[in-house]
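Chain residues, written in single-letter form:
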Amino acid sequence: MAAADGDQRWLVECLTATLDTARDVRAFAEESLRQASLQPAILAPLWQTFVSSFKVYHLSTIQASEDVDSVGYDSDGSERSIESFGIQLFELWTTIVGNSLLAKVIAGNIKELAYYTISFQQITEAQVQNWSRDANQYVADEDDVTYSCRVSGSLLLEEIVTAYEDYGIDSILEASQICFRESCELKQAGSADWWRDCGYNVRDLLEKMVIDIMGTGVQQYPFLHARAFSVVAKFSSLISKGICEQYLCNAAQAIASDVPPPVKVGACRALAQLLLESNQSSVQQNIMGILSSLVDLLRQASEETLHLVLETLQSAIKSGGEQSATIEPVISPIILDVWAQNIADPFISIDAVEVLEAIKNAPGCLQPLVSRILPTIGSILSKSKIQPDGLVAGSLDLLAMILKNAPATVVKAVFDTCFTFIIQITLESDDHGEMQNATECLAAFISGGRQELLAWGGEPGSTLKMLLSAASRLLDPELESSVSLFVGSYILQLILHLPSHLSPHIPELIAAIVRRMQSSDIAGLKSSLVVIIARLVHLSAPNVDQFVNLLLAIPAKGCGNSLAYIMSEWSQLQGEIQGAYQIKVTTTALAFLICTRHPELSRIEVNGHLVKTSAGITTRSKARVTPDHWTKIPLPSKIFSLLADTLTEIQEQVGDDADNVCEEDSDWEEVQNGDGIPHDMIHAASVPSNANPSVEHLNAMAKVFDEDEDDSYDDDLAKTDSLNEVKLLDFLTNTFVNLWESDRPLFEYLLQGLSNPQKVAVEKVLRK
């Protein structure tokens with residue numbers, strides 16, 4: 001036995017050593033494991049320990065029939081129990097499965113490993129007792145990644161799927177079938193514990209399991225029914241619509257019945273998922289009862305169950321359609337009360353705001369909700385300095401939600417009640433949350449009110465003056481960077497909707513942006529301000545060279561002029577800018593700049609390529625002693641390289657379609673037949689393509705630049721910008737062809753500075 005223990009300790013030490021930072025140590029450990037993989041017997045003692053530990057765990061912890069699981073602590077304060085020992089075993093097996101050499105050794109026993117892992121995951125008697133007493137603990141333990149055999153076992157199963165792919169999945173399925181069959185046999189034999197092993201079933205087992213559970217007593221087996229609801233919700237795509245509809249009805253009945261709390265928890269999970277997936281005609285028949293029951297639950301909920309009930313209520317309101325308006329007078333005051341009482345808890349308050357947003361979007365609910373909210377919020381904001389911590393920021397967050405995509409009548413109502421108070425907060429507050437949320441509100445005001453907004457303020461020019469004062473404060477270099485985090489979105493709305501009013505103030509705006517960038521330590525803030533500069537480049541078209549002259553005339557501390565500073569920062573940040581719209585704006589603006597061929601651009605040197613100064617891994621201490629060194633290249637070369645980078649990414653994503661697009665599109669031929677003068681590239685890239693590739697282009701761009709389908713706030717604010725219509729591939733093609741046609745020597749010079757993949761991408765569009 002001592003020898004077996006020694007083998008296990010040696011194995012653990014070797015596996016640990018494979019993670020060592022020293023290359024020699026890693027190499028020695030990997031070679032040792034390779035030698036061990038030739039002697040499979042070395043894992044036999046570990047397997048015996050695993051199996052015997054499960055038997056003890058089953059008796060002492062799952063069934064609690066033997067009192068052998070006394071918890072103790074070692075000298076380091078770590079828990080010593082059969083549960084903690086099981087977790088350590090799982091961690092060891094997970095490491096073994098993740099090691100390519102040892103994974104081959106145990107490949108023939110994966111089904112057995114999966115079987116015992118699933119068996120370890122049964123609900124324990126202690127969990128039954130704790131969860132029966134405290135529904136909040138049940139929700140928390142089910143939702144959170146807690147330190148338990150159940151969670152560690154799940155991680156091992158995930159590692160098995162990762163390491164063995166289809167073979168691993170099949171092994172887990174076979175093991176699941178064995179566990180389910182054993183559970184059925186225990187049930188027929190009259191065992192009181194048959195239900196504990198029904199918690200892990202997949203695919204073809206799911207329907208049989210959930211159908212069987214319908215015939216059992218909910219009072220006798222509450223956790224079995226709770227788990228069945230959760231399983232149906234999680235695997236609804238694998239279960240027939242009929243069974244899902246039946247469970248939806250069962251869940252609606254459960255939340256309205258006198259059943260144990262865990263059953264109501266499972267029912268809420270099922271409703272949250274199934275309501276939005278089910279046949280809406282059948283949902284409408286039960287939705288009023290569901291909403292009423294959830295309101296009753298909300299009055300009783302606390303802590304973790306409150307999150308779950310709010311989430312379920314949100315799904316119910318979204319499914320309620322016009323019927324939601326009937327219960328809005330009941331639901332809204334309760335949710336507002338939950339929001340107010342939990343304003344200091346960001347998770348619950350966010351959940352409450354999301355429910356209110358669902359109410360706002362429900363037919364017939366917007367006007368009554370706004371009428372209910374505005375008087376209270378207006379009162380809070382009017383006395384912002386004496387409010388409890390978090391209440392002002394939370395109120396502004398609530399207003400931003402109301403303003404999002406709201407009709408002009410609602411924007412006007414909010415403006416009349418709250419606008420001057422929000423401006424005052426923006427000018428005087430230093431609270432991060434208040435300033436960020438106030439900035440979002442101001443951006444939403446401009447987006448929703450547009451030109452009409454300027455006439456709402458009474459005295460002519462007063463509203464514009466307040467908006468510009470707010471921009472000036474947000475760009476104050478003395479403010480902490482996080483306070484100004486959303487100023488870019490706000491200024492973008494000024495550019496998009498009030499351009500003629502903003503134009504006289506552009507020099508002051510640029511100077512303020514430069515000062516804010518120079519004092520900022522947050523790359524995200526700098527990037528958002530680069531987007532603003534890029535949008536101003538577009539605003540100056542076709543006189544982009546005059547905009548360059550303007551930047552040259554505005555001083556910048558340490559750089560002589562704003563052009564040198566901005567382009568130095570922009571060229572470094574371009575690769576970090578995120579969002580399809582933001583990338584499109586900045587990329588096309590860079591193209592405009594390089595096409596001016598302004599002589600001052602060539603006099604600016606920016607960072608080119610990182611110079612490797614030492615071999616090996618660069619640690620933080622090394623980085624402090626020897627900071628990064630970059631080559632210096634002329635700005636046009638950097639811009640040309642950045643444009644080629646984007647072109648390369650698009651071509652890689654589009655693949656062969658790019659060839660077809662370029663072959664069929666006539667834009668290049670039009671340039672060839674011209675007189676060498678660059679076209680209005682925005683127009684050329686915005687008109688519909690004769691090849692009809694626009695959908696493919698946009699889909700490819702969405703993937704390339706990680707444009708998700710969720711309605712992000714910034715995307716909503718920018719969706720009216722005409723630059724959204726630009727097809728970036730066509731635009732870049734026009735840019736490179738125009739440069740090639742109009743200034744061949746410059747083009748050839750810039751081309752030489754590209755990497756081989758970049759050259760291939762550029763030459764590809766020139767050949768078509």
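All figures in this text were calculated on a predicted structure; none of them were measured in a lab.

A. A look at unusual backbone geometry. Backbone torsion omega between Ala541 and Pro542 reads 5°, so that peptide bond is classified as cis. By the element assignment, Pro542 lies in the loop between α26 (523–540) and α27 (544–553). Here the phi dihedral of Asn405 falls at roughly 60°; this positive angle occurs in a residue that is not glycine. Inspection of the secondary structure assignment puts Asn405 in the loop between α19 (391–403) and α20 (408–428).

B. Up close: helix α12 (residues 241–255). Taking 1.5 Å of rise per residue, 15 residues should cover 21 Å, and α12 covers 21 Å from first to last C-alpha, within 8% of that figure. For α12, the full list of buried residues reads Ile243, Cys244, Tyr247, Leu248, Asn250, Ala251, Ala252, Ala254 and Ile255.

C. Main features of the packing of aromatic side chains. Taken as a whole and assessed by the stated rule, the structure comprises 9 aromatic pairs. On the basis of an interplanar angle of 90° and a centroid distance of 5.9 Å, the ring pair of Phe415 and Phe445 is categorised as edge-to-face. Here Phe415, found in helix α20, pairs with Phe445, found in helix α21 (residues 432–449); they are 30 residues apart in sequence, far enough to count as distant. Like Phe445, Phe415 is buried. Seen in terms of ring centroids, Phe640 and Phe736 are 5.2 Å apart; in terms of plane orientation they differ by 90°. Their pairing is edge-to-face. With Phe640 in helix α32 (residues 635–654) and Phe736 in helix α38 (residues 728–742), this residue pair connects regions lying 96 residues apart in the sequence. Grouping residues by exposure puts Phe640 and Phe736 together as buried. Taken together, the aromatic side chains of Phe415, Phe419, Phe445 and Trp456 make up a single cluster linked through ring pairs.

D. Structural context of the environment of Gln314. Considering the arrangement of structural elements, one finds Gln314 in helix α15 (residues 303–320). Looking at Gln314, the relative accessible area reads 15%, which means it is buried. For the pair Gln314 and Ala352, spaced 38 residues apart in sequence, the C-alpha separation works out to 8.9 Å. Contact partners of Gln314, with chain neighbours within four places excluded, come to Glu354, Val355 and Ala358.

Reading guide: rules and limits
- Residues numbered from 1 in each chain as written.
- Predicted model: local features only at pLDDT ≥ 70, side-chain atom pairs only at ≥ 80, totals over all residues.
- Heavy atoms only, no water.
- Helix = DSSP H or I, 4+ residues; strand = E, 2+ residues; numbered from the N terminus.
- Expected span 1.5 Å × (residues − 1).
- Buried < 20%, exposed > 50% of the residue type's maximum accessible area, 1.4 Å probe, protein only.
- Phe/Tyr/Trp six-rings, centres within 6.5 Å; stacked < 30°, edge-to-face > 60°.
- Contact = heavy atoms within 4.5 Å.

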